[in-house]
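# Understanding the architecture of this molecule
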Amino acid sequence: HYQQPPDFASVQQVYMRWVISPRVANLLSTACPQLHTLYLTFNSSTLANLAAMYRSPSLRHVVAIADSRHEYPTPHELPLPPTVTHFGIHFQFDQGSKVFYRALEQWLLGISGQSLQVVRFFNAKAVRNWRQHHATQLRECLVKLKTRSWHLQDHRGRLLTVPLH
């Protein structure tokens, strides 16, 4: 007995936390043609079913949320589909070590996307911590990112810079 899938044609934003089953991912990719923003909290289930979520032709914004410093996917694990223009990064923690910010720099250097224009940080305290306590690393990172086709923004949507002292 065939059941008509629910009509989600007007859904524009989806927040997925923890478990994304293949069935849910396929349903959203086919039943939500207007889906333009996807918020994802990461774990192995999220990554395994990401390709189906990315099939939505209207998808322009992806925001990746990490609960810990160890749950963030590599750029290889999180390829951006060609339609995505804005990629957001949100850490559920406010401070990182020198090692963490070095890893973040390498992660940023690996991000690519055919239409990507902006990579934006959403956690104001994490941005402030990077600027105040790891300014040299941030400065080095920004120099390396100058050749990218996208811009790195702070939590307010402004170009990420290192403050002059």
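See above for the structure.
So, a few notes on the structure that sits alongside this text. This is a predicted model, so every value here is computed, not measured. (Residues numbered from 1 in each chain as written. Predicted model: local features only at pLDDT ≥ 70, side-chain atom pairs only at ≥ 80, totals over all residues. Heavy atoms only, no water.)

### Observations regarding helix H5 (residues 124-133)
- Here H5 has its buried residues at Ala 126, Val 127, Asn 129, Trp 130 and Arg 131.
- A side-chain oxygen of the first residue of H5 lies 2.9 Å from the backbone nitrogen of Lys 125; this N-cap is Asn 123. (Buried < 20%, exposed > 50% of the residue type's maximum accessible area, 1.4 Å probe, protein only. Helix = DSSP H or I, 4+ residues; strand = E, 2+ residues; numbered from the N terminus. Polar contact = N/O pair within 3.5 Å; in protein donor to acceptor, adjacent residues only side chain to side chain.)

### What to know about the sheet that holds strand E3 (residues 61-66)
- A sheet is described by the order of its strands in space; here six strands give the open sequence E1-E2-E3-E4-E5-E6, paired in parallel fashion. Looking at which strands have only one partner, the edges of the open sheet turn out to be strand E1 (13-16) and strand E6 (151-153). Each strand axis lies, on average, 15° off the axis of its neighbour in the sheet, ignoring direction.
- Across six bridges, the pairing between E3 and strand E4 (residues 86-91) is parallel. Counterpart to Ile 65 in the pairing with E4 is His 90.
- Here helix H4 (residues 98-110) sits on the sheet and contacts E4, strand E5 (118-121) and E6; the angle it forms with E4, its principal contact strand, is near 165°. (Pairing = 2+ DSSP bridges. Axes fitted to C-alpha atoms, helices over the stretch in contact; angles between N-to-C directions. Contact = heavy atoms within 4.5 Å.)

### Focus on the packing of H4 against H5
- In the contact formed by H4 and H5, the axes pass within 12 Å of each other and the chain directions differ by 105°. The pairing of H4 with H5 is recorded here as roughly perpendicular in orientation. Along the contact surface, H4 presents Tyr 101, Leu 104 and Leu 108, while H5 presents Ala 126, Asn 129 and Trp 130.
- Looking at the contact of H4 with H5 residue by residue, the class counts come to five nonpolar, one polar and no charged. (Parallel < 35°, antiparallel > 145°, perpendicular 65-115°, else oblique. Nonpolar A, V, L, I, M, F, W, Y, C, P; charged D, E, K, R; others polar.)

By themselves these figures say nothing about function.
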